[in-house]
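Listed here are the chains, written in short residue letters.
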Amino acid sequence: MKKRWYDYLWIASALYLTLGFFNILFAWLGLLCFFIPLIIAVVGGNKAYCNRYCGRGQLFSLLGGRFGLSRKRDIPRWMKQKWFRYGFLVFFFVMFFQMLWVTWLVFSGARELGGAVTLLWTFKLPWHWAVPAAVTPWVAQFALGFYSVMLTSTVLGLLVMVLFKPRAWCVFCPMGTMTRLICKARNSGKE
Amino acid sequence: MEVVRRARPKAYVDPSYCVACGCCVKACPLGAIQVFRGIAARVDEAKCVGCGRCVKGCPASIIELREAEQ
């Protein structure tokens, strides 16, 4: 099948994570991965982002498929059930708003800028070298928080890629769940 | 002589578990699957030859080949 430009978006995903290692301000670009799927779902009423443009999904396909890093086993039954998918979406939302809250605290001066990225909502990884000296603290704090979200989801995605099928992450990806809910709501009553 | 109808397997997507990720769409060599309105994948039975690539490609493993009467 002929390759299209969007079949190479995995490069953007890999580049995003790499650039964030050197300068955390690149993490702001990750907002595109938040807003584009939402806009497509709200305006277009479809999941074209997941179906075509998700660079992370492509990266998992490439690593798990062509590079053979996946065991290609079935995911556990509970992982594809609604309670888990919606529960994970809620959990992700809570963590996202907690990140926004910390950004607000730094913005208001109630808290100092932290120089760490939090992996899996638990482990603090030192990341101070990637924070430019002359930067508004809340801008850097948001970048650190957002990069934490992106890194955590990538690590989880890689983990399930290795254990199960290459794109096992897509089954419970919070953005996928959210955009599907939007599509359902938008297309309700249509046949 | 009795004529036995041959059943041909076709892909069947369980809509209650489908997350509309589109992996099956990419896997299908005949373009027999489409994601319908971002909700779930649908198989065009007229095009499906039951090759099973979508079954392997589905990350949720919710596609199976079922025998359908021709």
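Just so it is clear, the structure is predicted and the values come from calculations on it, not from any experiment.

Trainee: Sorry if this is basic, but what is going on with the packing of aromatic side chains here?
Mentor: Two numbers describe a pair of aromatic rings. These are the distance of the centres and the angle of the planes. Residues and elements named next belong to chain A. In the structure shown here, the tally under the stated rule is 30 aromatic pairs over all chains. An angle of 20° between the planes, with centres 6.0 Å apart, marks the rings of Phe-84 and Phe-88 as stacked. One end of the pair is Phe-84 and the other is Phe-88, both in helix α5 (residues 82–108) and four residues apart, which spans about a single turn. With respect to burial, Phe-84 and Phe-88 carry one shared label: buried. Taken together, Trp-28, Phe-34, Phe-93, Phe-96, Phe-97, Trp-104, Phe-107, Trp-138, Phe-142 and Phe-146 form an aromatic cluster joined through their ring pairs. Above the ring of Tyr-86, the side-chain terminus of Arg-85 is found at 5.9 Å from the ring centroid.

Trainee: Honestly, the interface of chain A and chain B in this entry has me stumped. Any pointers?
Mentor: Facing the 24 residues of chain A at the interface are 23 residues of chain B. Here chain A meets chain B over a buried area of about 2000 Å², counting both sides, of which 49% is carbon and sulfur. At the level of secondary structure, the elements contributing two or more residues to the side of chain A that touches chain B comprise α3 (48–53), α5, α7 (169–172) and α8 (174–186) of chain A. Among the elements that line the side of chain A that touches chain B, the one with the most residues is α8 of chain A, at three residues. Taken together, the residues of the side of chain A that touches chain B sort by class into six nonpolar, six polar and 12 charged.

Trainee: Explain the pairing of strand β2 (residues 33–36) of chain B to me, please; I cannot follow it from the model alone.
Mentor: Residues in a regular strand project their side chains so that they alternate between the two faces of the sheet. Residue and element names in this part refer to chain B. Burial along β2 is one-sided: Ile-33 and Val-35 are buried, while Gln-34 and Phe-36, pointing the other way, are not. Pairing between β2 and strand β3 (residues 40–43): four bridges, direction antiparallel. Note on β3: the bridge partner recorded for Ile-33 is Val-43. Between β2 and β3, which pair antiparallel and follow one another directly, the connecting turn spans three residues, one of which, Arg-37, has a positive phi of 50°.

Trainee: Which parts of the structure should I look at to understand the nonpolar core?
Mentor: Nonpolar side chains tend to gather and get buried jointly when the protein is soluble and globular. With 57 residues, the main nonpolar core has Ile-24, Trp-127, Phe-146, Tyr-147, Trp-169 and Phe-172 of chain A as its most contacted residues. Sort the elements by how many residues they give to this core and helix α6 (residues 137–163) of chain A lands first, with 12 residues.

Trainee: Whenever I open this one, helix α4 (residues 55–66) of chain A confuses me. Can you help?
Mentor: Note that an α-helix has 3.6 residues per turn; residues three or four places apart therefore point the same way. With 12 residues, α4 of chain A should cover 16 Å at 1.5 Å per step; its first-to-last C-alpha distance of 15 Å lies within 8% of that length. Residues of α4 of chain A that are buried make contact with α1 (9–22), α3, α6 and α7 of chain A together with α1 (23–27) of chain B. In the stretch just after α4 of chain A, Gly-68 of chain A is the one whose phi turns positive, near 65°.

Basis of the calculations
For every chain, the first residue of the written sequence is number 1, and numbering continues from 1 onward in sequence order. For this description, chains carry letters from A and ligands carry numbers from 1, given in the order in which they are written. This being a predicted model, a pLDDT of at least 70 is required before a residue's local features are given, and a value of 80 or more before pairs of side-chain atoms are given or counted; all residues contribute to the totals for chains, interfaces and linings. Side-chain measures were taken over the full set of non-hydrogen atoms in the model, leaving aside hydrogen atoms and water. Geometry of aromatic contacts follows a simple scheme: Phe, Tyr and Trp rings, the Trp one being its six-membered ring, pair when their centres are within 6.5 Å, and the pair is stacked under 30 degrees between planes, edge-to-face over 60, tilted otherwise. In this text, helices come from DSSP runs of H or I with a minimum length of four residues, and strands from runs of E with a minimum of two, each type numbered from the N-terminal end. Three exposure classes are used, based on accessible area relative to the maximum for each residue type with a 1.4 Å probe and protein chains only: buried under 20%, partly exposed in between, and exposed over 50%. Charge-over-ring contacts are defined here by two conditions on Lys NZ or Arg CZ: a distance within 6 Å of the ring centre and an angle within 35 degrees of the ring normal. The contact rule is simple, with two residues in contact once any of their heavy atoms fall within 4.5 Å. Note on terms: buried area is the combined drop in 1.4 Å-probe accessible area of two parts once they are placed together, counting the loss on both. Residues are grouped as follows: nonpolar covers Ala, Val, Leu, Ile, Met, Phe, Trp, Tyr, Cys and Pro; charged covers Asp, Glu, Lys and Arg; every other residue, Gly included, is treated as polar. Pairing between strands is defined by DSSP: at least two bridges between the two strands are required. Among the buried residues, those of types Ala, Val, Leu, Ile, Met, Phe, Trp, Tyr and Cys that are joined through side-chain atoms within 4.5 Å form a nonpolar core. Here the expected length of a helix is defined as 1.5 Å per residue gap, with one fewer gap than residues.

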